[in-house]
Amino acid sequence: MNLDDKVCYCFHVSRRKLVNWVRHNAPKVPSQLSMCGGAGTGCGWCIPFLKQIFKQGTGPGAGCASCVATPDDAIDALTPEEYAALRAEYVKAGNGTPPPGAEPLPEVNSEGP
């Protein structure tokens, strides 16, 4: 994912905004990234990715044990389309409910190849 791609689809927060917020505010724990436009407080899909951004911005060993266990590059390995599709699966499986005004879930083509 690029810097201008959305990480939090519920509140339309880009990776660039989160990276800059971490750099300027030096959060002590990943949950403080919620102060950046509400990221992570909607459906919850982006929380593991917020932990990655926190870890990348604050250096190794910072934060909680779950940050240390979070892979460093999962957010870099996904295209925006893959990320959106995985979020849609997460929400449709009942794991979170996007708030009103959130990015709509992409239509899934149920037809086979």
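Computed from a predicted structure; not experimentally measured. (Residues numbered from 1 in each chain as written. Predicted model: local features only at pLDDT ≥ 70, side-chain atom pairs only at ≥ 80, totals over all residues. Heavy atoms only, no water.)

### Points about helix H1 (residues 15-25)
An α-helical segment advances 3.6 residues per turn. Residues three or four places apart therefore align on the same side.
So, step 1. Considered for burial, the residues of H1 that qualify are Arg15, Leu18, Trp21 and Val22. For H1, the angular spread of the buried residues around the axis is 130 degrees, confining them to a single face. Among the exposed residues of H1, those pointing more than 90 degrees away from its buried face are Arg23 and His24.
So, step 2. For H1, the elements touching its buried residues are strand E1 (6-8), strand E2 (13-14), helix H2 (47-58) and helix H4 (74-77).
So, step 3. Phi turns positive one or two residues past the end of H1, at Ala26, with a value near 45 degrees. (Buried < 20%, exposed > 50% of the residue type's maximum accessible area, 1.4 Å probe, protein only. Helix = DSSP H or I, 4+ residues; strand = E, 2+ residues; numbered from the N terminus. Arc of directions from axis to C-beta. Contact = heavy atoms within 4.5 Å.)

### Quick notes on the environment of Gly42
So, step 1. Assignment of secondary structure puts Gly42 in the loop between H1 and H2.
So, step 2. Residue Gly42 is classed as partly exposed on the basis of its relative accessible area, which comes to 26%.
So, step 3. Residues Gly42 and Pro98, 56 residues apart in the sequence, show an inter-C-alpha distance of 5.4 Å.
So, step 4. Each residue touching Gly42, except ones within four places of it in the same chain, is listed here: Cys10, Phe11, Thr97 and Pro99.

### Quick look at the nonpolar core
So, step 1. Core analysis: the largest hydrophobic core is formed by 25 residues, its most contacted members being Val7, Leu18, Leu33, Phe49, Leu50, Ile53 and Tyr83.
So, step 2. Put simply, the parts of the chain that give this core at least two residues each are E1, H1, H2 and helix H5 (80-92).
So, step 3. Sort the elements by how many residues they give to this core and H2 lands first, with 4 residues.
So, step 4. Beyond its immediate sequence surroundings of up to four residues, Leu18 is in contact with Val7, Val13, Leu33, Cys36, Ala39, Leu50 and Ile53. (Core = buried A, V, L, I, M, F, W, Y, C linked by side-chain atoms within 4.5 Å.)

### Quick word on the environment of Lys55
So, step 1. For Lys55, the position within the fold is in helix H2.
So, step 2. Through-space distance from the C-alpha of Lys55 to that of Pro30 is 8.1 Å; in sequence the pair is 25 residues apart.

### Points about H2
So, step 1. Counted at 1.5 Å a residue, the expected span for H2 with its 12 residues is 16 Å, and the 16 Å between its end C-alpha atoms agrees.
So, step 2. When we look at burial in H2, the residues that qualify are Phe49, Leu50, Gln52, Ile53, Phe54 and Lys55.
So, step 3. Two residues or fewer after H2 comes Gly59, characterised by a positive phi angle close to 95 degrees. (Expected span 1.5 Å × (residues − 1).)

### Comments concerning the side chain of Arg87
So, step 1. By the element assignment, Arg87 lies in helix H5.
So, step 2. Within the buried core, Arg87 has no salt-bridge partner, and the shortest N-O distance to an opposite charge, that of Glu103, equals 7.1 Å.
So, step 3. With near-sequence residues (within four places) excluded, Arg87 lies in contact with Tyr9, Cys10, Cys43, Trp45, Pro98, Ala102, Glu103, Pro104 and Leu105. (Lys, Arg positive; Asp, Glu negative; His and termini not counted. Salt bridge = Lys/Arg side-chain N within 4 Å of Asp/Glu carboxyl O.)

### Overview of unusual backbone geometry
So, step 1. Not every positive phi belongs to a glycine, and His12 is a case in point at roughly 55 degrees.
So, step 2. Here His12 shows up in the loop between E1 and E2.
So, step 3. Given a relative accessible area of 40%, His12 falls into the partly exposed group.
So, step 4. Even without a glycine there, the phi angle at Ala26 is positive, about 45 degrees.

Everything listed is a geometric property; what it means functionally is a separate question.
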